[in-house]
Amino acid sequence: MSRPIELSDDLSGLMEGIPDMEVELYREAITRPLPECARVNTLKMQEAEVVQMLEERGWTLRPVPWARYGYFIDSTEGVGSSVYHMAGLIYIQGPLSMLPAESLDVRPGDRVLDLCAAPGSKSTQMAQLMENRGVLVCNEVSTKRIRPLISNLQRFGVLNHLVTQVDGRRFSRFASHTFDRVLVDVPCSSLGIAAKDWSLVRTYSKTVSERLSRLQLSLLISAFDCLREGGLLVYSTCTVHPLENEWPVSNLLEERDSAEVLSLRPSVLKSRSPLEEWEGLTFRSEVKRCFKAYPYDNWAEGFFVALIRRGR
Amino acid sequence: MRIEPLSQRELRSLEGELKRCYGIESLPKDLVFLAAGERKLKVSRVEVLEFSRTIRGVVNVGLYVVKMTRDGSSLSLEGSQLFGESIKKNLIELSESEVSAWMTGGPIIRTDLGDVTYVIAKFKNLYLGSGRVGRDGRVYPQIPKWRRVPENELD
Ligand SMILES: C[S@@+](CC[C@H](N)C(=O)[O-])C[C@H]1O[C@@H](n2cnc3c(N)ncnc32)[C@H](O)[C@@H]1O
């Protein structure tokens, strides 16, 4: 048996303070590698044609029930260095990471903003759902991460995109009331995807989440302000920390009267109710409508997804 | 970043060039062609281009599709996929093992191509961009380094 992964003291403390968290299950879940998973690119070829090509190559594919074009893959060759990946016929993406864009209901012709876009997993997914029509703005602040973003948009054949490099907190200063759909997939402590990198849990410090939560709230407010009336927004993280999940959403509701949280509970996924209070903080009851799953719930990543509408 | 669509004259010249090299009869009407430096061209949509003028911080627009060279035009993988079935000449079909070789950037053998500079490779309905035809009976794929499959990954 492999040795259990050590959690930092701060993380152990956090886990004990989250009422429905089963620390041993969490620890066990992040020891197991995540399933191999990818989206088939319908911007280049028909889905069935690509699937057939991969199956003829000896890959076994099983659809991801909650995301169009998503497949679990069983293959003996390296998916990430395969011809099909390099040629842009598939995009490797974690299964639950497909949920945020899938939940946003983007349609061909929409004007869509991805406020924190690099490296472009969800941007390419939305381009596909938009059938390359309308306008897709992919914003990213980091110079280092812009290049992979542009490369991935190219590889996937996205032609309705434009890439901007702006601090997302300022985006609404020049683009308020502009977009039909906004995705804000914020930087987070990534505790839901620690299976990819154990150093995240070994070195985690609570100051990380405290600092991030303020940035996340500012990004969420700016993203919301970019929405037109009646538009939809998805806020997502791949972490389990209430300060990065329930707290920013609850605070948005305090700051913006027109924000309305919609219920998001895909029946094919195990999920759990977000918290209404944590460590002396109380959150608005509407946060319970958000989607939350821990890494041991679905043999997938841990994710938090809020679907928000801008009313009048 | 200032992005300008090609003028009518430049478009006609591109159209003529693509017809000469690949038998492509006309350019897609719903797309705009943009000059991207180093004789490279990109495509985008009108509404994207218009929108790009209304917001700040734009660093990239459009999908890279063609590089014009002195002796022909080389289509990117996406460019060739975009033109797809309208490519009527200088198209070669690859076998599955040739696809693997092509994607490593290695040449494939074709001795019957005659006097052409570029051909486009295809496997089923997947178009894999242009390759430069050498005098030695080999075709050298123009796959950028970042998209090549590492050779040790091939079976
Ligand atoms: C979780 S990642 C996004 C992943 C991406 N949505 C995808 O699916 O591929 C968060 C991104 O936000 C970027 N970021 C951090 N601070 C930002 C800011 N102030 N404005 C815009 N982007 C920011 C990070 O550089 C990082 O690339």
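Parameters and conventions
Residues numbered from 1 in each chain as written. Chains lettered and ligands numbered in written order. Predicted model: local features only at pLDDT ≥ 70, side-chain atom pairs only at ≥ 80, totals over all residues. Heavy atoms only, no water. Helix = DSSP H or I, 4+ residues; strand = E, 2+ residues; numbered from the N terminus. Rg over C-alpha atoms; globule rule 2.2 N^0.38 Å. Buried < 20%, exposed > 50% of the residue type's maximum accessible area, 1.4 Å probe, protein only. Contact = heavy atoms within 4.5 Å. Areas by Shrake-Rupley, 256 points an atom, 1.4 Å probe, with all protein chains shown as cover. Lys, Arg positive; Asp, Glu negative; His and termini not counted. Charge placed at Lys NZ, Arg CZ, Asp CG, Glu CD. pLDDT = per-residue confidence, 0-100. Arc of directions from axis to C-beta. Near = heavy atom within 4 Å. Polar contact = N/O pair within 3.5 Å; in protein donor to acceptor, adjacent residues only side chain to side chain. Buried area = accessible area lost by both parts, 1.4 Å probe. Salt bridge = Lys/Arg side-chain N within 4 Å of Asp/Glu carboxyl O. Pairing = 2+ DSSP bridges. Axes fitted to C-alpha atoms, helices over the stretch in contact; angles between N-to-C directions.

Draft legend 1. Spotlight on the overall build of chain A. The secondary structure content of chain A amounts to eleven helices and 14 strands. Relative to a compact globule of 312 residues, whose C-alpha radius of gyration would be 20 Å, chain A shows 19 Å and is just as compact. By principal-axis analysis of the C-alpha atoms, chain A measures approximately 55 × 55 × 35 Å. Per-residue burial over chain A gives 63% buried out of 312 residues. Considering only intrachain contacts with a sequence separation of at least 6, the fraction spanning at least 24 residues in chain A is 74%. Of the roughly 12100 Å² of accessible surface on chain A, a fraction of 45% belongs to carbon and sulfur atoms. One way to put it: in chain A the 37 positive side-chain charges average out to a point 5 Å from where the 40 negative ones average out.

Draft legend 2. Examining the confidence of the model for chain B more closely. Summing up the model confidence of chain B, the mean pLDDT is 93 and the portion of residues at 70 or higher is 96%. Here the predicted complex carries an ipTM of 0.96, next to a pTM of 0.97.

Draft legend 3. Examining helix α1 (residues 9–17) of chain A more closely. All names here are of chain A. For α1, the complete set of buried residues consists of Leu11, Leu14 and Met15. Within α1, the buried residues cover an arc of 95° as seen down the axis, which keeps them to one side. Structural note: α1 exposes Asp9 and Glu16 on the side pointing more than 90 degrees away from its buried face. Looking at the buried positions of α1, the neighbouring elements they touch are α2 (23–31), α9 (199–202) and β11 (277–278).

Draft legend 4. Representation of the site of the ligand. Residue and element names in this part refer to chain A. Neighbouring the ligand are 20 residues, the closest being Glu140, Arg145, Asp167, Gly168 and Asp185. For the ligand, an oxygen atom lies 2.9 Å from a polar atom in the side chain of lysine 122. In this structure, aspartate 167 approaches the ligand through a side-chain N or O atom, which is 2.9 Å from a nitrogen atom. Against a free-state accessible area of 600 Å², the protein chains account for coverage of 87% of the ligand. For the shell around the ligand, the elements supplying multiple residues, two or more each, are α6 (121–129) and α10 (206–225).

Draft legend 5. Representation of the interface of chain A and chain B within the structure. Each side of the interface is counted separately: chain A has 40 residues, and chain B has 40 residues. Between chain A and chain B, a total of about 3300 Å² is buried, with carbon and sulfur atoms accounting for 62% of that surface. On the chain A side of the contact with chain B, Met86(A), Gln154(A) and Leu159(A) bury the most area, a combined 21% of that side's loss. One salt bridge in this structure joins Lys44(A) and Glu78(B), with 2.5 Å as the shortest N-O distance.

Draft legend 6. Examining the sheet that holds strand β1 (residues 37–40) of chain A more closely. All names here are of chain A. With antiparallel pairing, four strands are arranged side by side in an open sheet as β2-β3-β1-β4. Pairing within the sheet leaves two strands with one partner each, and these edge strands are β2 (60–63) and β4 (90–92). Across this sheet, the average inter-strand angle for adjacent strands is 35°, counted without regard to direction. In this sheet, β4 lies alongside β1 in antiparallel orientation, the contact comprising three bridges.

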